[in-house]
Amino acid sequence: MNKNKYLKVKKADIVLAILLVIVGLACSFFVVKPLQKQTGTVVIYQGEKLFGKYNLNEDKSIDIKKGQSVNKVSIKDGKVQMQYSNCKNQDCIHQGKISDGSKSIVCLPNKIVIKIEGKKDKFDAVSN
């Protein structure tokens, strides 16, 4: 029995393999691209009341003032952070930037909570 006749690669096989790779890459592009553009909404609460909702993809600076409490929130490049606060310990500023719903920023003295809704969290579930 001649084993070489089974190992011959024809030009049609090479063309088919190249086409399958191209189709696979094109499909992955159309699947991954929409996932990268998931937008989120920055939701800011002042006390128990909703202060406002803002698009995470629109750069914006938001001033929050109530009595002696002053906070400045910055939305830039798909991330949100507490840029300024007149609170004593500055923990809200040290929490850094957030970009998805897995974390939030809280200023306890000024009663400000910043969350991101609608953007997929980094983790779907937590298991022990």
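This text follows the structure it describes.
Residues numbered from 1 in each chain as written. Predicted model: local features only at pLDDT ≥ 70, side-chain atom pairs only at ≥ 80, totals over all residues. Heavy atoms only, no water.

Focus: the overall build of the protein
Helices and strands together make up the secondary structure of the protein, namely three helices and seven strands. Reading the protein from its N end, one meets helices and strands in the order α-α-β-β-β-β-β-α-β-β. Within the protein, contacts between residues at least 6 apart in sequence are counted, and of these 29% link residues at least 24 apart. With the model as given, the accessible surface of the protein reaches about 9,900 Å², and the carbon-plus-sulfur share is 56%. (Helix = DSSP H or I, 4+ residues; strand = E, 2+ residues; numbered from the N terminus. Contact = heavy atoms within 4.5 Å. Areas by Shrake-Rupley, 256 points an atom, 1.4 Å probe, with all protein chains shown as cover.)

A look at the sheet that holds strand E3 (residues 60-66)
Read from one edge of the open sheet, three strands run E3-E4-E5, paired in antiparallel fashion. For this open sheet the edge positions go to E3 and strand E5 (79-85), each flanked by a neighbour on one side alone. Across the sheet, the mean angle separating the axes of adjacent strands is 20° when strand polarity is ignored. Here six bridges tie strand E4 (residues 69-76) to E5, and the two strands are oriented antiparallel to one another. Each residue of the ladder has a partner; that of isoleucine 75, found in E5, is valine 80. (Pairing = 2+ DSSP bridges. Axes fitted to C-alpha atoms, helices over the stretch in contact; angles between N-to-C directions.)

Quick notes on the nonpolar core
Note on soluble globular proteins: their nonpolar side chains tend to be buried together. Ranked by size, the top nonpolar core spans 18 residues in total, and within it Val42, Ile44, Val73, Val80, Met82 and Ile114 carry the most contacts. Only strand E1 (41-46), E3, E4, E5, strand E6 (105-107) and strand E7 (112-117) provide two or more residues apiece to this core. If you tally residues by element for this core, the top one is E7, at three residues. Apart from residues lying up to four places away in sequence, isoleucine 114 is in contact with Val42, Val43, Ile44, Val73, Val80, Met82, Ile98, Ser104 and Ile105. (Core = buried A, V, L, I, M, F, W, Y, C linked by side-chain atoms within 4.5 Å. Buried < 20%, exposed > 50% of the residue type's maximum accessible area, 1.4 Å probe, protein only.)

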